[in-house]
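In case you want the letters, here they are:
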Amino acid sequence: MNLTAITEPFEVAAKHFADSLFGLSFIGEHANVIDVGTGAGFPGIPLKIARPGISLTLLDSLNKRLTFLNAVVAELKLSDTTTIHSRAEDGAAKKSPLRERFDVSVSRAVSQLNVLSEYCLPYVKVGGRFLAMKSVDSGQEVEAAGTAVSKLGGRLEKRYDYTIPGTDVCHRVIPVAKLTPTPAGYPRRWAKIQKSPL
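Position labels on residues start from 1 in each chain and follow its written sequence. Whole-chain, interface and lining totals are the exception, using all residues; otherwise, since this is a predicted model, local features are given only for residues with pLDDT of at least 70 and side-chain atom pairs are given and counted only at 80 or more. To get the side-chain values, take all heavy atoms of the structure and skip hydrogens and water.

A. The arrangement of the packing of aromatic side chains in detail. Here the aromatic set is Phe, Tyr and Trp, taking the six-membered ring for Trp, and pairing holds for ring centres within 6.5 Å; pairs whose planes are under 30 degrees apart are stacked, those over 60 apart are edge-to-face, and all others are tilted. For the structure on display, the rule yields five aromatic pairs. A ring pair is formed by Phe17 and Phe42, whose centres lie 5.1 Å apart and whose planes are at 85°; its orientation type is edge-to-face. Highlighted residues: Phe17 in helix H1 (residues 9–20) and Phe42 in the loop between strand S1 (32–36) and helix H2 (44–50), separated in sequence by 25 residues. Only protein chains enter the accessibility calculation, which uses a 1.4 Å probe. A residue is then buried if its area is under 20% of the maximum for its type, exposed if over 50%, and partly exposed in between. Judged by relative accessible area, which is 11%, Phe42 ranks as buried. By the criteria applied, helices consist of DSSP H or I runs no shorter than four residues and strands consist of E runs no shorter than two, each listed in order from the N terminus.

Structure below.
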């Protein structure tokens, strides 16, 4: 279905499946998890396979991806797994039932961390975490995101760098703790976020 540019079997196993699992140490056995902008199901589906007790919500704005993911969920008989067709900023809007409902929000999306935090932190309940999965050259981006994260009710925690087994690819998990409720004005509309990032 052309959902990923990586198609060689070992590359898929390493750069999608294995890479997705490095957030596991931040996710409890029965956590309520949302994968924001899940795409082809990464990291959400591998996390669910490895930790079947979690409750998983896969959110994406493209129906083609969700059609594929619904087939995967059925084929693998994954319980307590829901797909939602929505833009990230709409799913976490002020009156959305998804807002501040999750223990953990995860994302491998390519947006800058300040933008990604505005999309993902509003889903997380106080006491939970947002896990941003990034490359190790994201240091400047992380430092620049501190103000945005704070405005959204979060706090940057110690990053976790790793090398994907069998490769020379180094990636990073950036945990963001949710300390206080996200102010009602966030997330803003997509155009506003793009025009005036926090």
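B. Structural view of the environment of Ala132. Checked against the element boundaries, Ala132 lands in strand S5 (residues 124–135). Between the C-alpha atom of Ala132 and that of Asp103, which follows or precedes it by 29 residues, the distance is 14 Å. Excluding residues that lie within four positions of it along the chain, Ala132 makes contacts with Ser107, Leu113, Leu116, Arg172, Val173 and Ile174. Whether two residues are in contact is decided by their heavy atoms: any pair within 4.5 Å suffices.

C. Looking closely at helix H5 (residues 113–120). Of all eight residues making up H5, eight are buried, and the element is well covered by its neighbours. Those residues of H5 that fall on the buried side of the exposure criterion are Leu113, Asn114, Val115, Leu116, Ser117, Glu118, Tyr119 and Cys120.

D. The arrangement of the side chain of Ser96 in detail. As for its placement among the helices and strands, Ser96 is situated in the loop between helix H4 (88–91) and strand S4 (102–107). Ser96 has contacts with Asp90 and Gly91, leaving out every residue within four places of it along the chain.

E. Focus on the nonpolar core. Nine residue types can take part in a nonpolar core, namely buried Ala, Val, Leu, Ile, Met, Phe, Trp, Tyr and Cys, and a core is a set of them joined through side-chain atoms within 4.5 Å. Membership of the largest hydrophobic core comes to 25 residues, with the highest contact counts inside it found for Val36, Leu113, Tyr123 and Phe130. Secondary structure elements with two or more residues in this core: S1, H5, S5 and strand S8 (170–178). Considering every element that reaches this core, the biggest residue donor is H5, with five residues. Those residues in contact with Val36 that sit more than four places away from it in its chain are Leu59, Ala88, Ser105, Val106, Ser107, Cys120 and Tyr123. By size, the runner-up hydrophobic cluster in this structure holds 23 residues, among which are Leu56, Leu69, Val104 and Val106.

F. Molecular detail of the pattern of salt bridges. Just to be clear on terms, a salt bridge is a Lys or Arg side-chain nitrogen sitting within 4 Å of an Asp or Glu carboxyl oxygen. Evaluated as defined, the whole model comprises 13 salt bridges. In this structure, Arg65 engages Asp60 in a salt bridge whose closest nitrogen and oxygen atoms are separated by 2.6 Å. On the basis of relative accessible area, Asp60 is assigned to the buried category, the value being 3%. Arg87 serves as the salt-bridge partner of Glu89, at 2.7 Å between the closest nitrogen and oxygen.

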